[in-house]
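# Coordinate inspection notes
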Amino acid sequence: MKVYLSVDMEGVTGLTDPEEMHTGGRGYERGCELMTADANAAVAGAFDAGAGTVLVNDAHGSTKNLRIDLLDPRASLIRGPGKAQRMAQGLDGTFAAACFVGYHARAGVQDGVLNHTWMGKEIQNVELNGEPCGETRLVAACAGYHGVPVVLVTGDEAVGEEAREVLGDVETVAVKKGIDKFSAELLPPSVAQARIREAAARALGRLGDFTPYRVEAPYTLGVEWNSTAIAAAVALVPGVKQVGSRHTEFTTDDFTQIMALFGIFATIGGQVACGSGPYG
């Protein structure tokens, strides 16, 4: 049994501060250790359930956060930028299941710790085929495109609720309860990681209960940006059309293009936002 882990950081045990998410920030190095420990808990649970192969994808920011020296030696790791499929890099139809570790609620969820969708400030909202879309729905749809069910989502309480709305009776682990975007009630790492391990094993033990999350093609990605300048810039990408002063849309029959496009969006959006000054 092959198991795929997509590991983000905002939903990792113990983390609430944006500085903990970025290289050089206060608490970042410890955040990487906690991120790796959450991933290891899911890896251990997968092997407890009989997995033969576990592939871990570092899905946060620079994608250079997970500590390979601390990773469970039974797993392998995809690390580093330039990944066409970003948060779903390496995922294909050969996997029996996918697990999302350290995930967070979509942009605008009031009690979602560090809530956002793909980009922290540049994106206001995302829709997939007209439905509100956070990263959980997005990557689950990519997994479904490959015929792979998502069986576990860990993070805060808000992302667990979001995952159940999208995926139904998926296993979830709440390692923290949001108070506001930058504050939460936290579980100690030993408690949270024990729960992640148990949930991963439990999910894979009932693998037959899960079906892939499938979105019907064609796939239309709608993005509401926080800036007219970003919307105009990303609309220069072939196939992307501007449908409002701050809105863009892209339609395709190939979901891998959606994932790749988000990588392009992040590059363009980040550059425009950084270069536009206080009015950008």
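Everything numeric here is computed off the predicted structure, so don't read it as measured data.

Looking now at the overall build of the protein. What the protein contains, in helices and strands, is six helices and twelve strands. Since a compact globule built from 280 residues should have a radius of gyration of about 19 Å, the 18 Å found for the protein is in line with a globular shape. For the protein, buried positions account for 52% of its 280 residues. On the protein, roughly 11,500 Å² of surface is accessible, and the fraction owed to carbon and sulfur atoms is 49%. Computed over 23 positive and 34 negative side-chain charges, the separation of the two mean positions in the protein equals 3 Å.

A sheet is described by the order of its strands in space; here seven strands give the open sequence β3-β2-β1-β4-β7-β8-β9, paired in mixed fashion. Strands with a single pairing partner mark the edges of an open sheet, and in this sheet they are β3 (76-78) and β9 (183-186). This sheet shows a mean twist of 25 degrees between the axes of neighbouring strands, independent of strand direction. One ladder, built from four bridges, connects strand β4 (residues 97-103) with strand β7 (residues 150-156); its direction is parallel.

It is worth spelling out unusual backbone geometry at this point. Between Ala217 and the following residue, Pro218, the backbone shows a cis peptide bond with an omega angle of 0 degrees. Inspection of the secondary structure puts Pro218 in the loop between α4 (189-205) and β10 (219-225). Positive phi outside glycine occurs at Thr63, with the angle close to 55 degrees. If you trace the backbone, Thr63 turns up in the loop between β2 (53-58) and β3.

Criteria and cut-off values
Residues numbered from 1 in each chain as written. Predicted model: local features only at pLDDT ≥ 70, side-chain atom pairs only at ≥ 80, totals over all residues. Heavy atoms only, no water. Helix = DSSP H or I, 4+ residues; strand = E, 2+ residues; numbered from the N terminus. Rg over C-alpha atoms; globule rule 2.2 N^0.38 Å. Buried < 20%, exposed > 50% of the residue type's maximum accessible area, 1.4 Å probe, protein only. Areas by Shrake-Rupley, 256 points an atom, 1.4 Å probe, with all protein chains shown as cover. Lys, Arg positive; Asp, Glu negative; His and termini not counted. Charge placed at Lys NZ, Arg CZ, Asp CG, Glu CD. Pairing = 2+ DSSP bridges. Axes fitted to C-alpha atoms, helices over the stretch in contact; angles between N-to-C directions.

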